[in-house]
Amino acid sequence: MKFVRQEAKNWANDVPGARWLKADLHVHTIDDLPGGRAKMPSDIRGGAQDSNVIEAYARKFLQSAAGNGVQVLGVTPHSPRIGDAVETSAVWRIVEEWNSGVDDDGVPFRKKVYAVFPGFEPALNDGKSGLHLLFLFDPEIGRANYLKAFDLVMGGVSPWSNNKLRMSNKSAEEAFRDLQEFHLRECPKTRDGDFEWSYIKLAPHIDSDKGLLEAQKAQVLELFRHDEVAALELGDHKLPEDTIENREWLREGMAAHRQAFLHGTDAYTVDDIGKRHTWVKLASPRIEALRQAFIASDSRVRIGFRREENGELKEIPNPPDVTLNKRPWLKSVTVSGKASFFGASDDGEQGSRFHFSPDLTCVIGGSMTGKSTLLDGLRVYVAAPLPHDNNVRLQVEERGKNRFLSGSAQVALDCPGRDPTAPLGEQWPAVFYTQTELQRLAQNSEAVEDVLARLVASETQGIMDREKRLGMLDAELTRAASRLAKLSDDLADAEQAFQRSQRASDELAAFSDAGVEKLNRASSDTSRWNDFVETAAGLSRNLDRLLDGVGQTDIPEIGEGSGGALSASGGTASVNDLRARWGRIGDLLTSARGELGAANADVKALSDELEAHEASLRVQVDRDLAARGLDGARINQLQELTAQASLLESYQAHLDNSKDTLESAERAFHALRDERKVLVEHQRRAFNRVIETVHAQFHGRIKARRLDEGRKENLDRFIRSLNQRGITRWWNDLMNEEMPTPDGLLGALDADALSGVGMSQAVQRTFQDQITQPKRWGLEAVRCRDEYALEFKMDDGRYRRLRSLSGGQRVNLLLSLLLETEDERPLVIDQPEDELDNRFLFETMLPALKRLKGRRQIIVATHNANIVVNGDADQVIQLEATADRGHVARSGAIEDPAVRDAIVRTVDGGGEAFRLRHLKYGF
């Protein structure tokens with residue numbers, strides 16, 4: 001009965017393209033019960049040849065594999081069946097259950113285990129004890145052909161005799177030949193001309209007495225030349241370096257035939273499945289995909305163990321399967337919106353979806369198909385840092401905003417394992433570079449430093465944390481310097497107020513000692529008597545007016561009639577009597593005027609004497625005040641001075657508080673500077689270790705060195721802020737290497753040695769005048785960051801600075817570092833090949849891309865077939881476009897025939913060009 005594979009879409013949906021899978025390709029079954037090592041699970045009862053028992057065992061086998069995280073199984077007993085009947089093959093029942101069965105939780109087994117390869121482990125007739133090899137097949141071989149293949153390899157010999165494993169009557173070479181003929185004869189082909197099923201051969205436990213390297217000592221090199229074995233299984237406690245050591249012939253043979261190492265359990269119980277395993281990258285659950293993985297073992301195979309300090313092997317802490325670690329990656333991007341560039345395709349489909357591998361994705365397509373538009377659009381959309389160069393930045397923004405995001409495009413990102421509510425730049429923290437940007441990166445000191453900082457994972461976090469703290473300290477010191485300047489002004493004001501009050505108090509005390517109080521009393525007396533003189537003079541004037549009035553007044557006459565009437569009443573004085581009285585009043589007033597005049601003269605004389613006394617005292621006081629250096633005129637401000645003097649105590653308290661505050665702030669300022677100095681030293685030591693790593697990792701081809709405080713932009717801003725033409729001209733005339741550091745400049749200022757930094761006498765005077773204490777604090781707050789110079793070893797052995805290299809050489813150097821850094825952030829590069837020579841591509845870039853697989857997502861837009869094919873792209877996206885519309889034409893792994901065809905047509909010049917090159921090279 002023909003095997004018909006059931007589809008399981010979950011694997012490609014979870015991880016597009018080729019994906020990492022945990023594989024155990026050496027597992028025995030109960031078909032090996034006659035040998036005594038295989039064990040039936042304890043919870044299964046019954047005869048091993050019973051169909052129900054075999055079915056229960058098959059389910060238990062798959063459940064254990066899935067439970068142990070194994071996704072690719074090589075089922076390899078010594079015998080493919082326990083009995084004579086074909087139905088007694090536990091191997092094949094496992095295959096059928098995997099393809100069609102459903103686990104107890106309702107999930108099909110094929111959705112839990114990616115691939116099951118039926119196989120066997122015969123003992124071939126080589127060496128004293130026989131040579132064990134593993135044969136794995138696609139399930140499409142079918143049960144009948146699977147059993148026939150085993151019988152063919154064994155040469156008809158039964159695998160067991162008295163519970164002992166028997167040796168085939170065929171050597172490995174004979175078995176290989178016969179199996180190849182069987183495959184050609186019995187295996188149908190698909191419509192595309194490919195075989196419906198294939199097979200692969202592996203060498204188990206190679207260092208045992210039945211392993212390839214022991215059993216075939218005399219023939220191993222010959223066997224390697226036949227290139228029949230795809231991979232070699234390491235011993236349980238060995239790693240590749242242990243096995244290769246002192247075996248240069250083995251290293252050379254494996255390299256020549258593209259053979260890989262792997263670990264397998266050689267398990268005889270279901271519980272042990274996966275205890276030894278290998279990570280393999282497959283794009284399909286087929287033998288051909290497994291074979292391709294072993295051929296490209298540098299990028300598609302990872303040993304799942306490492307040696308601990310105690311010598312034990314432990315599983316690697318960060319397996320390459322992206323579903324098991326937390327490294328950031330972009331799974332897909334969906335763009336919709338009818339008017340947008342990627343919003344609709346020519347076939348009427350709404351929107352475009354781009355699927356990316358967590359490892360290497362290559363975006364290909366002809367000119368103007370939207371490769372740069374896609375990458376620049378993503379850059380703008382997630383708000384990733386744009387190029388520093390203005391022209392390049394404008395180009396990126398143009399493509400990102402006016403093409404990718406045009407027409408009200410709606411964009412959705414799928415970033416597994418990330419918080420969907422976080423900013424897009426946190427969901428997918430990608431690092432972007434265009435080809436021009438890589439060339440000009442050499443001019444950006446900060447970018448070069450960032451590349452170095454991320455080169456050694458053990459140093460990166462510390463460097464980043466310290467740099468963040470240094471930035472905070474720079475800002476704090478700048479704020480502290482401004483605060484110190486304000487506190488200094490406050491202290492000056494407090495000192496001014498205190499001094500005014502102190503002077504007022506001192507003047508009052510001096511005035512008292514000089515007799516000012518006596519002068520004040522005399523002044524007061526004089527003032528009062530001067531007032532009295534005026535009062536007496538006023539009375540005299542009033543008396544004169546009264547006397548004049550009396551003298552000028554006549555007593556009127558009374559007529560006879562009125563007089564008689566008044567006389568008759570008997571109560572009225574006579575007019576004559578009244579006139580006599582009026583005369584007496586005049587006489588009295590005249591006498592009073594004489595007395596008042598004499599009194600006025602006495603008052604005036606006394607007042608003059610008081611004024612003379614006051615004048616004499618004033619002369620004496622002025623003389624005493626002059627002797628004390630005081631101005632006698634200040635006596636007139638005595639009230640104001642008294643008010644100022646009364647505030648002396650409060651001004652003293654304010655002054656003391658201002659001094660304490662300034663001193664405390666200054667101590668805090670210097671503590672921050674001290675902390676910054678310590679951090680800078682720690683940072684330098686960390687970068688020293690990174691630099692040593694660069695030298696070792698690149699074997700002297702790339703060198704890095706530190707220029708202490710080499711980045712002068714902060715000092716440049718400070719110098720120019722002084723706004724003094726002479727100082728600015730001096731600064732502009734300095735060569736970069738001669739520019740002083742902030743501390744160096746302050747040291748020269750303190751030592752009166754500014755000529756040592758190139759200042760003329762005039763500039764020195766100006767600079768000394770400018771650097772007041774507040775400006776000094778500002779200069780102390782300035783930090784010039786270290787600069788890191790990269791150098792590239794030329795073919796003539798000389799080193800040349802990064803900035804002096806050609807565009808291609810710059811790209812070579814920077815890509816070398818970018819690809820070797822242990823940074824986990826996704827890396828997106830737009831068409832780097834324009835500046836790359838093929839030597840660098842093959843010797844540096846492609847090996848680095850392969851090493852990064854399982855550690856970092858890389859997306860490259862390219863026209864270069866070598867990057868796509870020899871870089872072993874895990875996902876290829878082919879774009880096509882009309883004048884104003886772009887869409888995904890094809891997407892998938894290289895193993896997909898349609899994708900391979902797209903690669904040949906798009907980046908390899910077409911099939912005919914490929915064949916012509918093949919003929920011309922003579923390969």
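So, here is what we can say about the structure in this document.

How each quantity is defined
- Residues numbered from 1 in each chain as written.
- Predicted model: local features only at pLDDT ≥ 70, side-chain atom pairs only at ≥ 80, totals over all residues.
- Heavy atoms only, no water.
- Helix = DSSP H or I, 4+ residues; strand = E, 2+ residues; numbered from the N terminus.
- Rg over C-alpha atoms; globule rule 2.2 N^0.38 Å.
- Buried < 20%, exposed > 50% of the residue type's maximum accessible area, 1.4 Å probe, protein only.
- Contact = heavy atoms within 4.5 Å.
- Lys, Arg positive; Asp, Glu negative; His and termini not counted.
- Charge placed at Lys NZ, Arg CZ, Asp CG, Glu CD.
- 1 Å grid on protein atoms, 1.4 Å probe; cavity = no way out; pocket = protein on both sides within 12 Å on 5 of 7 lines; lining within 4 Å.
- Points joined across faces, edges and corners; volume = space filled by probe spheres on them.
- Nonpolar A, V, L, I, M, F, W, Y, C, P; charged D, E, K, R; others polar.
- Pairing = 2+ DSSP bridges.
- Axes fitted to C-alpha atoms, helices over the stretch in contact; angles between N-to-C directions.
- Arc of directions from axis to C-beta.
- Salt bridge = Lys/Arg side-chain N within 4 Å of Asp/Glu carboxyl O.
- Left-handed = near helix turned anticlockwise from the far one by under 90°.
- Phe/Tyr/Trp six-rings, centres within 6.5 Å; stacked < 30°, edge-to-face > 60°.
- Core = buried A, V, L, I, M, F, W, Y, C linked by side-chain atoms within 4.5 Å.
- Expected span 1.5 Å × (residues − 1).

What follows concerns the overall build of the protein chain. Assigned secondary structure in the protein chain consists of 32 helices and 27 strands. By the compact-globule yardstick of 29 Å for 923 residues, the protein chain is too spread out, its C-alpha radius of gyration being 53 Å. For the protein chain, the proportion of its 923 residues judged to be buried stands at 48%. The long-range share in the protein chain, meaning contacts at least 24 apart out of those at least 6 apart in sequence, stands at 73%. Looking at charge distribution, the protein chain has the averaged site of its 122 positive side-chain charges lying 5 Å from that of its 144 negative ones.

Looking now at the environment of Ile-585. Relative to the helices and strands, Ile-585 is located in helix H20 (residues 575-627). Given the relative accessible area of 32%, Ile-585 is considered partly exposed. Between the C-alpha atom of Ile-585 and that of Asn-402, which follows or precedes it by 183 residues, the distance is 119 Å.

Before going further, it helps to spend a moment on empty space enclosed by the protein. On inspection of all chains with the given rule, the structure shows three cavities of 30 Å³ or more. Contributing to the lining of the largest cavity are Ala-442, Ser-445, Val-448, Glu-787, Tyr-788, Ala-789, Leu-790, Arg-801, Leu-802 and Arg-803. Looking at the lining of the largest cavity, the elements that each hand over two or more residues are helix H16 (445-453) and strand E22 (787-793). Per element, the largest residue contribution to the lining of the largest cavity is four residues, and it comes from E22. Partitioning the lining of the largest cavity into residue classes produces six nonpolar, one polar and three charged.

Attention now goes to the sheet that holds strand E19 (residues 410-414). Sheets are built from strands paired through backbone hydrogen bonds, the pairs being either parallel or antiparallel. Spatial ordering of the open sheet is given by E17-E16-E19, a layout of three strands whose pairing is antiparallel. Both outer strands of the open sheet, strand E17 (352-355) and E19, are each paired with one neighbouring strand and no more. Between one strand and the next, the sheet's axes are offset by a mean angle of 10°, whatever the strand orientation. Pairing geometry for strand E16 (residues 332-336) and E17, over four bridges, is antiparallel.

Attention now moves to helix H23 (residues 713-721). When H23 is considered as a whole, its buried residues turn out to be Leu-715, Phe-718 and Ile-719. Buried residues of H23 fall within an arc of 95° about the axis and therefore sit on the same side. In this structure, the buried side of H23 is in contact with helix H24 (725-733), helix H25 (742-750) and helix H27 (773-781).

For the rest of this paragraph, the subject is the sheet that holds strand E25 (residues 858-861). The mixed open sheet is built from six strands, whose spatial order is E20-E24-E25-E18-E26-E27. Of all strands in the sheet, those with a lone pairing partner are strand E20 (431-434) and strand E27 (886-892), marking the two edges. Here the strands of the sheet are splayed against their neighbours by 15° on average, with no regard to which way each runs. With six bridges connecting them, strand E26 (residues 875-881) and E27 associate as antiparallel partners. Looking across to E27, one finds that Ile-877 is bridged to Ser-891. Each of strand E18 (360-365), E20, strand E24 (827-830), E25 and E26 is contacted by helix H12 (residues 371-381), which is oriented at about 140° to E20, the strand it contacts most.

What follows covers unusual backbone geometry. One non-glycine residue, Ala-383, lies in positive phi territory at about 60°. Mapped onto the secondary structure, Ala-383 falls in the loop between H12 and helix H13 (390-404). Positive phi outside glycine occurs at Asp-752, with the angle close to 55°. Examined against the element boundaries, Asp-752 turns out to sit in the loop between H25 and helix H26 (761-770).

With that settled, the discussion passes to the pattern of salt bridges. Enumeration according to the criterion identifies 66 salt bridges in this entry. Across the pair Glu-140 and Arg-5 runs a salt bridge whose closest N-O atoms are separated by 2.8 Å. Here Glu-140, found in the loop between strand E6 (134-137) and helix H4 (142-154), pairs with Arg-5, found in the segment before helix H1 (10-14); they are 135 residues apart in sequence, far enough to count as distant. A residue is classified by how much of its surface remains accessible, and Glu-140, at 14% relative accessible area, is buried. The salt bridge involving Arg-286 is made with Glu-140; its shortest N-O contact spans 3.4 Å. Of the two residues, Arg-286 sits in the loop between strand E12 (278-282) and helix H10 (287-295) while Glu-140 sits in the loop between E6 and H4, which places them 146 residues apart along the sequence. Arg-286 sits in the partly exposed class, given a relative accessible area of 28%. Linked through salt bridges whose partners overlap, the residues forming this network are Lys-281, Arg-300, Arg-327, Asp-359, Lys-853, Asp-872, Asp-874 and Glu-895.

Take the packing of H25 against H27 next. Their axes nearest at 8 Å, the elements H25 and H27 cross at an angle of 145°. Between H25 and H27 lies a crossing whose hand is left-handed. Facing Pro-742, Leu-745, Leu-746, Leu-749 and Asp-750 of H25, the residues of H27 in contact are Arg-776, Leu-779 and Glu-780.

Before going further, it helps to examine the packing of aromatic side chains. Going through the model one piece at a time under the given rule, you end up with 20 aromatic pairs. Ring plane angle 85° and centroid distance 5.0 Å describe the contact between Phe-342 and Phe-354, whose orientation is recorded as edge-to-face. Highlighted residues: Phe-342 in the loop between E16 and E17 and Phe-354 in strand E17, separated in sequence by 12 residues. Accessibility assignment for this pair places Phe-342 and Phe-354 in one class, buried. Aromatic ring contacts, followed pair by pair, group Phe-3, Trp-92, Phe-120, Phe-135, Phe-137, Tyr-146, Phe-150, Phe-176, Phe-182, Trp-197 and Tyr-199 into a single cluster.

Another aspect to go through is the side chain of Ser-64. For Ser-64, the position within the fold is in helix H2 (residues 51-67). Residue classification places Ser-64 among the buried positions, given a relative accessible area of 12%.

Let us look at the nonpolar core. Judged by nonpolar contacts, the single largest core of 63 residues is most densely connected at Phe-61, Leu-73, Val-116, Phe-135, Phe-137, Leu-232 and Phe-261. Element by element, the count of residues in this core is highest for H2, at seven residues. The residues contacting Leu-73, other than those within four sequence positions of it, are Asp-24, Leu-25, Val-27, Phe-61, Leu-62, Ala-65, Val-113, Ala-115, Val-116, Phe-117 and Ile-273. Counting residues in hydrophobic clusters, the runner-up holds 58 residues, among them Cys-362, Val-690, Leu-805 and Ile-894.

Right, let's get into the layout of surface pockets. In this structure, the second largest pocket occupies an estimated 1200 Å³ of space. Around the second largest pocket, the lining is made up of 41 residues, and of these Ser-297, Asp-298, Val-301, Arg-302 and Ile-303 lie nearest the centre. Contributing elements (two or more residues each) for the lining of the second largest pocket: helix H8 (240-244), helix H9 (248-256), strand E11 (260-262), helix H11 (297-300), strand E13 (301-303), strand E14 (305-307) and helix H29 (838-852). Top contributing element to the lining of the second largest pocket by residue count: H29, with six residues. Residues belonging to the lining of the second largest pocket are distributed by class as follows: 20 nonpolar, five polar and 16 charged.

Looking now at helix H28 (residues 807-820). Given a rise of 1.5 Å per residue, 14 residues ought to cover 20 Å, and the 20 Å separating the end C-alpha atoms of H28 matches this to within 8%. Within H28, 12 of the 14 residues are buried, leaving the element largely enclosed by the surrounding structure. Within the span of H28, buried status applies to Gly-808, Arg-810, Val-811, Asn-812, Leu-813, Leu-814, Leu-815, Ser-816, Leu-817, Leu-818, Leu-819 and Glu-820.

Looking now at the pairing of E22. Along E22, six of the seven residues are buried, which leaves the element largely enclosed by surrounding structure. Here six bridges tie strand E21 (residues 702-707) to E22, and the two strands are oriented antiparallel to one another. What sits directly across from Lys-703, in E22, is Glu-791. As paired elements, E22 and strand E23 (residues 799-801) share three bridges and run antiparallel to each other. Among the inter-strand pairings, Phe-792 is bridged to a residue of E23, identified as Arg-800.

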